[in-house]
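Now for the letters of each chain:
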Amino acid sequence: MRPIAHARRLSSRAVLSRRAVDALVVGNPVPIGIPALFLADQLSRGRTGEQILSGKRGLIAEYAGAEGYAYAWGHLIEQRLGRFVLWRVVPVALWERLSNVRAGSPLLIEELLTLMQPGISPALEPHLPSGVVARGCQGASRRSPHALFTLLLTEPRAAIAVRDWLATPFLIDVLPPLLNNIERGVADLVRRV
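Residues numbered from 1 in each chain as written. Predicted model: local features only at pLDDT ≥ 70, side-chain atom pairs only at ≥ 80, totals over all residues. Heavy atoms only, no water.

1. With respect to the layout of surface pockets
In this approach the atoms are scanned with a rolling probe the size of a water molecule, which exposes any empty space left behind.
Point 1. Considering only enclosed or pocket space, the second largest pocket measures out at about 230 Å³ in volume.
Point 2. As for the second largest pocket, its lining consists of 13 residues, of which Ala-72, Trp-73, Leu-171, Pro-176 and Leu-179 are closest to the centre.
Point 3. Of all the elements in the fold, those that place two or more residues in the lining of the second largest pocket are α1 (12–26), α5 (92–97) and α8 (159–192).
Point 4. Here the lining of the second largest pocket gets six residues from one element, more than from any other, and that element is α8. (1 Å grid on protein atoms, 1.4 Å probe; cavity = no way out; pocket = protein on both sides within 12 Å on 5 of 7 lines; lining within 4 Å. Points joined across faces, edges and corners; volume = space filled by probe spheres on them. Helix = DSSP H or I, 4+ residues; strand = E, 2+ residues; numbered from the N terminus.)

Set out below in structure tokens:
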């Protein structure tokens, strides 16, 4: 009698991640909330509750109506702009891992992201499919200060192919090394300041 082969069970985190990838492919975003870490970052660096929550650049404005996909590394926030789609890449876990390194730094997450912007476009451009452009790498004046960058679908007819590209290879092959480089860069920067 031969033993029965059992499929390997995926961890609950892997199952949730797979569901988020599947949702991305079909364009089924879910509501995304403000990471508590972002509130704590601003409070611990001297911002008042009013500064954090009000205005066009406060966290409430940044996350108002946010929908997207939650992954172990952070959020991929999706915003529909008529026929076009914008995806904001918000690396929440990166800041959690760097919290000890950043403990004495007066720089906010958004200020550190601004300093890291020059390397992002050159790292992304060779990997972008036609119909997608990288945006949001413009510094502190941007509307979504916690987003590392944004991807804009400029060719609506390519939406299915672009969603497939986002699921694989973007989330698997392109984003992880970029996030690792940003993490190393921020750690080096904070140690020098």
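That shown, we press on.
2. As for the pairing of strand β2 (residues 67–71)
For a regular strand, side chains alternate in direction, first toward one face of the sheet and then toward the other.
Point 1. In this sheet, β2 lies alongside strand β1 (residues 30–31) in antiparallel orientation, the contact comprising two bridges. Across the sheet, Val-30 pairs through a bridge with Gly-68, a residue of β2.
Point 2. Of the pairings in the sheet, the one linking β2 to strand β3 (residues 74–81) comprises five bridges and is antiparallel in character. Each residue of the ladder has a partner; that of Ala-70, found in β3, is His-75.
Point 3. Linking β2 to β3, which pair antiparallel, is a turn of two residues. (Pairing = 2+ DSSP bridges.)

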